[in-house]
Amino acid sequence: QVQLVESGGGWVQAGGSLRLSCAASGRTVSRYAMGWFRRAPGKEREFVARILWGIGATYYADSVKGRFTISRDNAKNTVDLQMNSLKPEDTAVYYCAAAGGRFATPEDYNYWGQGTQVTVSS
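A. Local environment of the overall build of the protein chain. The secondary structure content of the protein chain amounts to 0 helices and 11 strands. In sequence order, the protein chain lays out its α and β elements as β-β-β-β-β-β-β-β-β-β-β. Overall size of the protein chain, expressed as C-alpha extent along the three principal axes, is 40 × 30 × 25 Å. Carbon and sulfur atoms provide 49% of the accessible area of the protein chain, an area that totals close to 6400 Å². Counting 14 positive and 10 negative side-chain charges, the protein chain places the centres of these two groups 4 Å from one another.

B. The arrangement of the side chain of Ser30 in detail. Assignment of secondary structure puts Ser30 in the loop between strand S3 (18–26) and strand S4 (33–39). The class of Ser30 is buried, set by a relative accessible area of 15%. Ignoring sequence-local partners within four residues, the contact set of Ser30 consists of Val2, Ala98, Ala99, Gly100 and Tyr111.

C. Structural context of the sheet that holds strand S1 (residues 2–7). Ordered by their spatial adjacency, 4 strands build an open sheet running S1-S3-S8-S7, and the pairing between neighbours is antiparallel. Strands with a single pairing partner mark the edges of an open sheet, and in this sheet they are S1 and strand S7 (68–73). Across the sheet, the axes of successive neighbouring strands diverge by a mean angle of 15°, strand direction being ignored. Where S7 meets strand S8 (residues 78–83), 6 bridges bridge the pair, whose relative direction is antiparallel. The residue of S8 that forms the bridge with Ile70 is Leu81.

D. Just the state of the cysteines, in detail. Tallied over the entire structure, the rule returns 1 disulfide. Put simply, Cys22 and Cys96 are joined by a disulfide, and their sulfur atoms are 2.1 Å apart. One quick way to see it: the torsion about the S-S bond of Cys22 and Cys96 is about -75°, and its sign makes the bridge left-handed. Linking Cys22 in strand S3 with Cys96 in strand S9 (residues 92–99), this pair joins segments that are 74 residues apart in sequence. For the pair shown, Cys22 and Cys96 are each scored as buried.

Basis of the calculations
- Residues numbered from 1 in each chain as written.
- Predicted model: local features only at pLDDT ≥ 70, side-chain atom pairs only at ≥ 80, totals over all residues.
- Heavy atoms only, no water.
- Helix = DSSP H or I, 4+ residues; strand = E, 2+ residues; numbered from the N terminus.
- Areas by Shrake-Rupley, 256 points an atom, 1.4 Å probe, with all protein chains shown as cover.
- Lys, Arg positive; Asp, Glu negative; His and termini not counted.
- Charge placed at Lys NZ, Arg CZ, Asp CG, Glu CD.
- Buried < 20%, exposed > 50% of the residue type's maximum accessible area, 1.4 Å probe, protein only.
- Contact = heavy atoms within 4.5 Å.
- Pairing = 2+ DSSP bridges.
- Axes fitted to C-alpha atoms, helices over the stretch in contact; angles between N-to-C directions.
- Disulfide = S-S within 2.5 Å.

These results come straight from atomic positions and should not be treated as a statement about function.
Shown next as structure tokens:
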């Protein structure tokens, strides 16, 4: 089993920055890949970024490329999401998630954190 806890959410004005953190614990093979997703009110869950624990390979949604950076600290078992140049449309609840051997779709992520609210004002 895997436990995930997000932190770092809050309020920021457009153009500002926030850094989210996800603390992971539990079975390592069940968190081969770590992803960040977000859900705005009335919207579907949206992929944001993911990283592979072992080699650090990253992948980003087009909407956040060049603005967000995902990283991990293997020793501390944490995954961070640095969010720069934030826009009002980035407002959402952000979730950390873990996947094992497959990580191509949201359904492949079997473990999820509780979420942390990010609000960006214009």
